[in-house]
Amino acid sequence: MRLIDSHCHIQADRFETDADLVLGSARLAGVERILVPGWNRASGERALALAERYPWLDAAVGVHPHDAAKVADADWPWFVESAADPRVVAIGETGLDFDRVFSPPEDQLANLRRNLALALATGKPAILHCRSVDGRRDAQDALLHELRETGFGDRATIRAFEGRPPAIVHSYSGPVDHAEAMIDLGLAISFSGLVFRAGEEASADVARLVPIEQLLVETDSPFLSPPGAPRRRNEPEWVAITAGWLATQRGDDPEELGEALVAAYDATLPRAGRATG
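All residue numbers here refer to positions counted from 1 along the written sequence of the relevant chain. This being a predicted model, a pLDDT of at least 70 is required before a residue's local features are given, and a value of 80 or more before pairs of side-chain atoms are given or counted; all residues contribute to the totals for chains, interfaces and linings. Only hydrogens and water are set aside when side-chain values are computed; all heavy atoms of the structure are taken into account.

A. Quick look at the nonpolar core. For our purposes a nonpolar core is just a set of buried Ala, Val, Leu, Ile, Met, Phe, Trp, Tyr and Cys residues, chained together by side-chain atoms within 4.5 Å. Relative accessibility decides the category of a residue: with a 1.4 Å probe and only protein chains considered, values under 20% of the type maximum give buried, values over 50% give exposed, and everything between is partly exposed. Judged by nonpolar contacts, the single largest core of 83 residues is most densely connected at I10, I34, L128, L147, I189 and F191. L128 has contacts with T94, L112, L116, L143, L147, A167, I168, V169, H170 and L187, leaving out every residue within four places of it along the chain. Contact criterion: two residues are considered in contact whenever any of their non-hydrogen atoms come within 4.5 Å of each other.

As structure tokens, then:
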């Protein structure tokens, strides 16, 4: 089965001593593309360095909601400049987290808005993190509101992205109607090992709803290990477990789904001269 990992923090400290081995294992498992999103400037710089070293990796730069109150305005020009780098195929990860609230909601919203504006300006999709406290959906509703206010779903945005998804809802979590609204805006939906956790049962219904051209899969390594993967550290090779879950939920042939996932990745995150071997 051909595989992609549309969200993997291989630049995280937990991979500092053995990133080469981890990436080698991923290749042996069939992983052909990995997107490495930053969450602040330092992690974005490391993502770019990895994408330079391994041409089959792609990078993203942006500010995570956890870091929204920590990134100085003086740093923002670096993100704008780096967004033009051909190794950068997306903006993020950004979004809203009203669960742990490491940054105040008002800072998260301001940060989200300038990341979304950068995505629209560059024509590179935003990577969206969205978490609410268990049993609530305030972050999902606020994110949907911000997307609509910023122009996602408008004809101008559709033209700017040439019909490609203008954003990726990473590690999907939320009710079915939230997914339906995101799909209607043309966004891609990515599933991680989170789908196996209690309270995320709606993800199975969502997986069956997503059009194949808007469907992605990820690990969110080193987090969110699926069943059968080591709990201490998730790795990109284990994306195969979640991809298998997707095939089961959708009733798809695994090999055909693998082909479709690679195609969706390349269409959503195009990069001139991307290495495929």
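B. Looking closely at the sheet that holds strand β6 (residues 167-169). Two strands pair under a simple rule: DSSP has to find at least two bridges between them. Runs of H or I in DSSP of at least four residues are treated as helices and runs of E of at least two as strands, each being numbered from the N terminus. Pairing within the open sheet is parallel, and its eight strands lie in the order β1-β2-β3-β4-β5-β6-β7-β8. The sheet terminates laterally at β1 (3-5) and β8 (215-217), the two strands that pair on one side only. Within this sheet the neighbouring strands show an average axis-to-axis angle of 25°, counted without direction. Two elements, strand β2 (residues 31-37) and strand β3 (residues 57-61), share four bridges in a ladder whose sense is parallel. Its bridge partner lying in β3, L35 is registered against D58. Its contacts with the sheet put helix α5 (residues 138-150) on β4 (88-97) and β5 (126-131), and the angle it makes with β5 is roughly 150°. To get an axis, a line is fitted to the C-alpha atoms, and for a helix only the part in contact is used. The angle between two axes follows their N-to-C directions and goes from 0 to 180 degrees.

C. Inspection of the pattern of salt bridges at higher detail. We define a salt bridge as a side-chain nitrogen of Lys or Arg found within 4 Å of a carboxyl oxygen belonging to Asp or Glu. For the coordinates displayed, the defined rule picks out 19 salt bridges. Between R2 and E32 there is a salt bridge, with its nearest N and O atoms 2.7 Å apart. Residue R2 is found in the segment before β1, and its partner E32 is found in strand β2; the two are separated by 30 residues along the sequence. What makes R2 partly exposed here is its relative accessible area of 29%. Between E146 and R113 there is a salt bridge; the shortest N-O distance is 2.9 Å. Of this pair, E146 sits in helix α5 while R113 sits in helix α4 (residues 105-122); the two residues are 33 residues apart in sequence, bridging distant segments of the chain. Members of the salt-bridge network, linked through shared partners, are R2, E32, R33, E259 and D266.

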